[in-house]
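# Notes for the structure review
Take a look at the letters that make up each chain.
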Amino acid sequence: MGVICGLGVISCMDEPQYSDVPAIEFDKIVFKDVKDATAADSLILSIKFKDGDGNVGIAATELQEPFNDKFYFQFPDKSFITYKTKRTDPNYDTLPAFVKPYNCTNWEVVTQNQKVLDTLYFELNPNYNNIFITFQIKDGTGNFHDYDWSQIYTYPLCEVNGFNGRFPILSKDLTQPGTLEGVIRYGMVSTGFNIIFSIRTLRLKVRIQDRALNKSNEIFTPEFTLKSIPG
(Lines give C-alpha, C1' and ligand atoms only; values in the text may rest on other atoms or scores of the structure.)
Protein backbone atom coordinates (compact mmCIF):
# COMPACT_ATOMS: atom_id res chain seq x y z
CA MET A 1 0.00 0.00 0.00
CA GLY A 2 1.13 3.54 -0.63
CA VAL A 3 0.17 7.05 -1.69
CA ILE A 4 0.77 9.28 -4.68
CA CYS A 5 -0.06 12.98 -4.57
CA GLY A 6 -0.70 15.35 -7.44
CA LEU A 7 -1.89 18.93 -7.63
CA GLY A 8 -4.58 20.50 -9.74
CA VAL A 9 -4.75 24.18 -10.68
CA ILE A 10 -3.52 26.31 -7.79
CA SER A 11 -4.34 30.00 -7.72
CA CYS A 12 -3.19 32.87 -5.52
CA MET A 13 -5.68 35.68 -5.20
CA ASP A 14 -6.01 39.02 -3.48
CA GLU A 15 -9.75 38.52 -3.00
CA PRO A 16 -11.71 36.96 -1.45
CA GLN A 17 -10.06 36.59 1.92
CA TYR A 18 -10.22 33.14 3.50
CA SER A 19 -9.56 31.92 7.01
CA ASP A 20 -6.00 30.87 7.87
CA VAL A 21 -7.54 27.54 8.87
CA PRO A 22 -7.75 25.41 5.72
CA ALA A 23 -11.15 24.42 4.38
CA ILE A 24 -11.84 21.45 2.12
CA GLU A 25 -14.72 19.98 0.13
CA PHE A 26 -15.18 16.79 -1.86
CA ASP A 27 -14.50 16.93 -5.60
CA LYS A 28 -14.43 13.37 -6.98
CA ILE A 29 -13.12 9.85 -6.50
CA VAL A 30 -12.10 7.26 -9.10
CA PHE A 31 -10.85 3.67 -8.93
CA LYS A 32 -8.22 2.39 -11.35
CA ASP A 33 -8.45 -1.41 -11.45
CA VAL A 34 -5.52 -2.85 -13.40
CA LYS A 35 -7.16 -6.29 -13.66
CA ASP A 36 -3.99 -8.00 -12.45
CA ALA A 37 -4.06 -9.59 -9.00
CA THR A 38 -0.32 -9.11 -8.58
CA ALA A 39 -0.33 -5.38 -9.46
CA ALA A 40 -1.49 -2.45 -7.34
CA ASP A 41 -4.82 -0.76 -8.04
CA SER A 42 -5.33 2.95 -7.38
CA LEU A 43 -8.07 4.79 -5.52
CA ILE A 44 -7.73 8.46 -6.40
CA LEU A 45 -9.40 11.13 -4.30
CA SER A 46 -9.67 14.77 -5.38
CA ILE A 47 -10.54 17.46 -2.84
CA LYS A 48 -10.90 21.22 -3.26
CA PHE A 49 -9.14 23.38 -0.68
CA LYS A 50 -8.91 27.01 0.38
CA ASP A 51 -6.39 28.51 2.79
CA GLY A 52 -6.05 32.15 3.76
CA ASP A 53 -2.28 32.23 4.31
CA GLY A 54 -1.26 29.44 1.93
CA ASN A 55 0.87 27.55 4.45
CA VAL A 56 -0.16 24.07 3.43
CA GLY A 57 2.09 21.14 2.58
CA ILE A 58 5.15 19.41 4.03
CA ALA A 59 8.35 18.71 2.12
CA ALA A 60 9.47 15.08 2.03
CA THR A 61 12.77 16.14 3.61
CA GLU A 62 11.11 17.74 6.65
CA LEU A 63 11.68 15.12 9.34
CA GLN A 64 12.38 17.33 12.35
CA GLU A 65 9.82 18.63 14.85
CA PRO A 66 7.02 19.36 14.44
CA PHE A 67 6.98 17.02 11.42
CA ASN A 68 9.01 14.11 12.84
CA ASP A 69 7.34 10.72 12.74
CA LYS A 70 8.11 9.51 16.29
CA PHE A 71 8.97 10.76 19.75
CA TYR A 72 11.55 8.78 21.70
CA PHE A 73 12.01 9.19 25.45
CA GLN A 74 15.27 9.47 27.32
CA PHE A 75 16.47 9.55 30.90
CA PRO A 76 18.66 12.44 32.14
CA ASP A 77 21.75 10.34 31.32
CA LYS A 78 20.53 10.25 27.66
CA SER A 79 19.77 6.53 27.73
CA PHE A 80 16.53 5.51 26.07
CA ILE A 81 13.46 3.94 27.61
CA THR A 82 13.53 0.36 26.38
CA TYR A 83 11.57 -2.83 26.88
CA LYS A 84 14.05 -3.73 29.59
CA THR A 85 12.93 -0.54 31.37
CA LYS A 86 9.34 -1.74 31.27
CA ARG A 87 10.29 -5.16 32.63
CA THR A 88 12.65 -4.03 35.40
CA ASP A 89 11.57 -0.54 36.51
CA PRO A 90 8.25 -0.43 38.40
CA ASN A 91 7.82 3.21 37.39
CA TYR A 92 7.39 2.08 33.78
CA ASP A 93 5.58 -1.23 34.13
CA THR A 94 2.36 0.32 32.80
CA LEU A 95 3.88 0.81 29.36
CA PRO A 96 2.10 -1.39 26.78
CA ALA A 97 3.33 -4.91 26.24
CA PHE A 98 5.00 -5.97 23.01
CA VAL A 99 1.76 -7.32 21.56
CA LYS A 100 -0.54 -6.31 18.70
CA PRO A 101 -1.00 -3.41 17.96
CA TYR A 102 1.56 -1.90 20.35
CA ASN A 103 4.47 -3.84 18.84
CA CYS A 104 3.95 -1.55 15.84
CA THR A 105 2.68 1.66 17.44
CA ASN A 106 4.93 1.93 20.51
CA TRP A 107 7.98 -0.31 20.18
CA GLU A 108 10.81 -0.13 17.66
CA VAL A 109 13.06 -3.16 17.29
CA VAL A 110 16.63 -2.10 16.52
CA THR A 111 18.58 -4.74 14.59
CA GLN A 112 22.01 -5.12 13.08
CA ASN A 113 22.92 -7.99 10.76
CA GLN A 114 19.55 -9.57 11.65
CA LYS A 115 20.44 -9.52 15.35
CA VAL A 116 18.16 -7.64 17.76
CA LEU A 117 20.14 -4.98 19.61
CA ASP A 118 17.37 -3.25 21.53
CA THR A 119 13.67 -2.40 21.65
CA LEU A 120 12.94 1.30 22.08
CA TYR A 121 9.73 2.88 23.32
CA PHE A 122 8.22 5.64 21.17
CA GLU A 123 4.99 7.50 20.58
CA LEU A 124 3.75 8.37 17.12
CA ASN A 125 3.59 12.03 16.17
CA PRO A 126 0.16 12.79 14.67
CA ASN A 127 1.63 15.86 12.95
CA TYR A 128 3.97 13.81 10.75
CA ASN A 129 1.23 13.65 8.09
CA ASN A 130 -0.94 16.44 6.74
CA ILE A 131 -3.76 14.52 5.07
CA PHE A 132 -5.79 12.03 7.05
CA ILE A 133 -7.92 9.35 5.38
CA THR A 134 -10.21 6.98 7.24
CA PHE A 135 -11.88 4.16 5.32
CA GLN A 136 -15.36 3.34 6.59
CA ILE A 137 -17.47 0.27 5.79
CA LYS A 138 -21.27 0.24 5.83
CA ASP A 139 -22.85 -2.55 7.85
CA GLY A 140 -26.22 -4.27 7.46
CA THR A 141 -27.97 -1.64 9.58
CA GLY A 142 -26.82 1.26 7.45
CA ASN A 143 -24.14 2.47 9.87
CA PHE A 144 -20.52 3.10 8.92
CA HIS A 145 -17.55 1.78 10.91
CA ASP A 146 -13.86 2.70 10.66
CA TYR A 147 -11.60 0.14 9.00
CA ASP A 148 -8.43 -0.44 11.02
CA TRP A 149 -5.44 -1.09 8.74
CA SER A 150 -3.25 -1.94 11.73
CA GLN A 151 -5.25 -5.16 12.14
CA ILE A 152 -4.09 -6.28 8.69
CA TYR A 153 -0.51 -5.05 8.56
CA THR A 154 0.97 -6.31 11.82
CA TYR A 155 4.45 -6.84 13.20
CA PRO A 156 6.94 -7.21 11.61
CA LEU A 157 5.17 -5.75 8.53
CA CYS A 158 3.90 -2.76 10.46
CA GLU A 159 1.65 -0.19 8.81
CA VAL A 160 0.59 2.38 11.39
CA ASN A 161 -0.49 5.23 9.10
CA GLY A 162 -2.97 3.42 6.91
CA PHE A 163 -3.51 5.82 4.01
CA ASN A 164 -2.69 8.96 5.94
CA GLY A 165 0.13 10.76 4.19
CA ARG A 166 1.76 13.97 3.08
CA PHE A 167 1.15 16.32 0.19
CA PRO A 168 3.96 18.73 -0.76
CA ILE A 169 4.24 22.46 -0.12
CA LEU A 170 1.85 24.24 -2.47
CA SER A 171 2.90 27.86 -2.09
CA LYS A 172 5.71 29.21 -4.26
CA ASP A 173 7.01 31.23 -1.31
CA LEU A 174 6.06 30.45 2.29
CA THR A 175 7.63 33.74 3.42
CA GLN A 176 4.88 35.68 1.62
CA PRO A 177 1.53 34.49 2.97
CA GLY A 178 -1.34 34.72 0.54
CA THR A 179 -4.67 33.16 -0.24
CA LEU A 180 -4.32 29.79 -1.92
CA GLU A 181 -6.94 27.51 -3.40
CA GLY A 182 -7.06 24.59 -5.78
CA VAL A 183 -7.44 20.83 -5.98
CA ILE A 184 -5.36 18.16 -4.26
CA ARG A 185 -5.35 14.84 -6.12
CA TYR A 186 -4.42 12.11 -3.65
CA GLY A 187 -3.77 8.60 -4.96
CA MET A 188 -3.83 5.51 -2.75
CA VAL A 189 -2.34 2.32 -4.19
CA SER A 190 -2.74 -1.25 -2.96
CA THR A 191 -2.99 -4.81 -4.24
CA GLY A 192 -5.60 -5.47 -1.56
CA PHE A 193 -8.47 -3.12 -2.39
CA ASN A 194 -10.56 -5.69 -4.27
CA ILE A 195 -9.68 -8.48 -1.85
CA ILE A 196 -10.55 -6.53 1.30
CA PHE A 197 -13.52 -4.47 0.13
CA SER A 198 -14.97 -6.49 -2.78
CA ILE A 199 -18.60 -5.32 -3.16
CA ARG A 200 -18.80 -3.61 0.22
CA THR A 201 -20.19 -0.10 0.47
CA LEU A 202 -17.54 2.39 1.55
CA ARG A 203 -16.97 6.03 2.22
CA LEU A 204 -13.87 8.02 3.15
CA LYS A 205 -13.53 10.48 6.02
CA VAL A 206 -10.99 13.19 5.15
CA ARG A 207 -9.28 16.21 6.68
CA ILE A 208 -6.02 18.08 6.12
CA GLN A 209 -3.72 20.11 8.34
CA ASP A 210 -1.57 23.14 7.59
CA ARG A 211 1.98 23.92 8.65
CA ALA A 212 0.75 25.79 11.73
CA LEU A 213 -1.03 22.52 12.68
CA ASN A 214 -4.47 24.02 12.07
CA LYS A 215 -6.92 21.25 11.25
CA SER A 216 -9.40 21.68 8.41
CA ASN A 217 -13.03 20.76 8.54
CA GLU A 218 -13.73 17.04 8.23
CA ILE A 219 -15.59 15.82 5.15
CA PHE A 220 -17.04 12.54 3.93
CA THR A 221 -17.10 11.25 0.38
CA PRO A 222 -20.42 9.99 -0.97
CA GLU A 223 -20.81 6.27 -0.28
CA PHE A 224 -19.53 4.00 -3.04
CA THR A 225 -18.43 0.52 -4.04
CA LEU A 226 -15.22 0.00 -6.00
CA LYS A 227 -17.22 -1.02 -9.06
CA SER A 228 -19.66 1.90 -8.82
CA ILE A 229 -17.14 4.71 -9.28
CA PRO A 230 -15.47 5.64 -12.59
CA GLY A 231 -12.07 4.27 -13.50
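For the structure, see preceding data.
All values derive from a computational prediction rather than experimental measurement.

This paragraph deals with the sheet that holds strand β7 (residues 115-124). Spatial strand order, β5-β7-β6: three strands in an open sheet with antiparallel pairing. If you trace the sheet from one side to the other, it starts and ends with β5 (70-72) and β6 (107-112), each paired once. Neighbouring strand axes in the sheet, compared pairwise and without regard to direction, differ in orientation by 50 degrees on average. Here six bridges tie β6 to β7, and the two strands are oriented antiparallel to one another. The residue bridging V110 from the neighbouring strand is D118, located in β7.

The next subject is the state of the cysteines. According to the stated counting rule, one finds one disulfide in the structure shown. Shown here is the disulfide that connects C104 with C158, its sulfur atoms set 2.0 Å apart. On the S-S bond that ties C104 to C158, the torsion sits near -75 degrees, and the link is left-handed. Here C104 is found in helix α2 (residues 102-105), whereas its partner C158 is found in the loop between β9 (144-146) and β10 (179-190), with 54 residues between them in sequence.

One pass over the structure, following the stated rule, counts one cavity of 30 Å³ or more. In this model, the largest cavity occupies a volume close to 40 Å³. Lining the largest cavity, in full, are K100, P101, N103, C104, T105, S150, Y153, T154, Y155, E159 and V160. The residue inventory of the lining of the largest cavity, partitioned by class, reads five nonpolar, four polar and two charged.

Basis of the calculations
- Residues numbered from 1 in each chain as written.
- Predicted model: local features only at pLDDT ≥ 70, side-chain atom pairs only at ≥ 80, totals over all residues.
- Heavy atoms only, no water.
- Pairing = 2+ DSSP bridges.
- Helix = DSSP H or I, 4+ residues; strand = E, 2+ residues; numbered from the N terminus.
- Axes fitted to C-alpha atoms, helices over the stretch in contact; angles between N-to-C directions.
- Disulfide = S-S within 2.5 Å.
- 1 Å grid on protein atoms, 1.4 Å probe; cavity = no way out; pocket = protein on both sides within 12 Å on 5 of 7 lines; lining within 4 Å.
- Points joined across faces, edges and corners; volume = space filled by probe spheres on them.
- Nonpolar A, V, L, I, M, F, W, Y, C, P; charged D, E, K, R; others polar.

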